[in-house]
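The chain contents come next:
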Amino acid sequence: MAALAEQDSATAARILAAARELVLKRGVKGLTVAEIAEKAHVGKGTAYLYWGTKQDLLFGLFARDFLTFLEGEIHTMGADPDACRPQRLCTQVARNALSYPVVRAMQTGDDDLLGALAHHPRSVELLGMLGPAALMYTVLPVWREHRLVRTDWPLDEQAYALQALMTGFFGAVTRPQAPNSVTVDDPDKVMAAAVTALLGPAETGPAGVRAAAEEGLRLLRERRDAVLALIATYPGTKDSQEPERSGSS
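Residues numbered from 1 in each chain as written. Predicted model: local features only at pLDDT ≥ 70, side-chain atom pairs only at ≥ 80, totals over all residues. Heavy atoms only, no water.

What follows deals with the nonpolar core. Counting 43 residues, the largest nonpolar core has Leu126, Trp143, Leu162 and Val227 as the members making the most contacts within it. For this core, the elements supplying multiple residues, two or more each, are α5 (54-79), α6 (86-99), α9 (121-130), α10 (132-145), α11 (155-174), α12 (187-199) and α13 (206-233). If you tally residues by element for this core, the top one is α13, at nine residues. Residues in contact with tryptophan 143, not counting those within four places in the same chain, are Cys84, Pro86, Leu89, Cys90, Leu148, Val149, Leu162 and Leu199. Counting 28 residues, the second-largest nonpolar core is a separate cluster that includes Ala18, Leu31, Leu57 and Leu113. (Core = buried A, V, L, I, M, F, W, Y, C linked by side-chain atoms within 4.5 Å. Buried < 20%, exposed > 50% of the residue type's maximum accessible area, 1.4 Å probe, protein only. Helix = DSSP H or I, 4+ residues; strand = E, 2+ residues; numbered from the N terminus. Contact = heavy atoms within 4.5 Å.)

Okay, here's the thing in C-alpha cells:
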C-alpha cells in the first residue's frame, strides 16, 4: 500500500480535492469512492492504490485540513508573538477554523456533513489532539504560567468556561439566525472582549508574551507532527468495523 509520500503525489492530491468538493457539496453520507474517482478523472482502482477504504481516504482529507489549519497558526504566531495573547488567539483560532469547513464540521460535531466518520476512532483521536477541549487544556496552562490570564480559578473550571465561550461563538456564527436574534457588526471584537472579561487582563510584559509564544509554537508543532504520524500510521489499512470495499464503493 502506498506510503504517505505517495499519497501526496499529484494524482492523490487531485483525488483529495475531488473528495473535498463532494463532501462540502453533499456530505459524507452515501458518497462512494467511485463518485470521488469520477470527479477526479481517475479510475476507482487508482483511488484504492492510495487508500484501502473510503474511510481512510476521507480521514486523510480531514486530517490534511487540520494540518493546513495548524500550519497557518504556526506561521501567524511565529511572525507575531502577540498572536498568542488569549483575546487574539481565541478569536483567530475560531475564525480560522470557520474558514475550513471540514475543521468546522469536526469542531461542531456536524453529523450531516461528516456522517459516520464523525464517530470514527481516528477522527475521535484527531479531535482529542485538536478539538475545543484539547485546545483549552493545551493553551491555558501556558497562559497561566506566563501570567497572561488569571490564576485564581481552578484549571478545570476555567477550561470549561472558555470552551463554552468558544462553542457559543461557533454556534452563533454558523447557525441560521432566528428572528429577532441579537447581532453585532464586529463579532470578532466582541469575542475578544469576552475572552478578556472571562480570563482577566495579562499581568506580564513583552518578555512573558514571547516566552508564551515560544511554548505555544512548540506545542503546535508537536500537534502537527502527531497528526502527520496519525495519517502515516494508517495508510490504506482497514478497520475491522469498516465495511468491505464492495460495500462502500
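Having seen the structure, we can now continue with the description.
Our focus in this paragraph is the environment of leucine 114. As for its position among the elements, leucine 114 is in helix α8 (residues 111-114). Given the relative accessible area of 2%, leucine 114 is considered buried. The sequence separation of leucine 114 and arginine 26 amounts to 88 residues, and the corresponding C-alpha distance is 9.8 Å.

This part covers the confidence of the model for the chain. On average, the chain scores 82 in pLDDT, and the residues at 70 or more come to 85%. When the elements of the chain are averaged for pLDDT, helix α1 (residues 4-7) gives the smallest value, 44, and helix α3 (residues 33-40) the largest, 95. Low confidence marks residues 1-7, where pLDDT is under 50. Its contacts with residues over four positions away, or in another chain, come to 24 contacts. (pLDDT = per-residue confidence, 0-100.)

Moving on: the pattern of salt bridges. By the definition in use, this model includes eleven salt bridges. Among the salt bridges present, the one from arginine 224 reaches glutamate 71, with a minimum N-O distance of 3.5 Å. With arginine 224 in helix α13 and glutamate 71 in helix α5, this residue pair connects regions lying 153 residues apart in the sequence. Among the salt bridges present, the one from aspartate 188 reaches arginine 95, with a minimum N-O distance of 2.9 Å. Note that aspartate 188 is positioned in helix α12 and arginine 95 in helix α6, a separation of 93 residues in sequence. You can call arginine 95 partly exposed: its relative accessible area is 31%. (Salt bridge = Lys/Arg side-chain N within 4 Å of Asp/Glu carboxyl O.)

Now for the side chain of threonine 91. Locating threonine 91 in the fold gives a position in helix α6. The contact partners of threonine 91, leaving out residues within four places of it in the chain, are Asp188, Met191 and Ala192.

Contact geometry for α6 and α12: axes closest at 8 Å, N-to-C directions at 135 degrees. Here α12 runs oblique to α6, going by the angle between their axes. In terms of crossing hand, the pair formed by α6 and α12 is right-handed. Taking contact as the criterion, the partners of Pro86, Gln87, Cys90, Thr91, Ala94 and Arg95 in α6 are, on α12, Pro187, Asp188, Met191, Ala192, Val195, Thr196 and Leu199. When its residues are assigned to classes, the contact of α6 with α12 shows eight nonpolar, three polar and two charged. (Axes fitted to C-alpha atoms, helices over the stretch in contact; angles between N-to-C directions. Parallel < 35°, antiparallel > 145°, perpendicular 65-115°, else oblique. Left-handed = near helix turned anticlockwise from the far one by under 90°. Nonpolar A, V, L, I, M, F, W, Y, C, P; charged D, E, K, R; others polar.)

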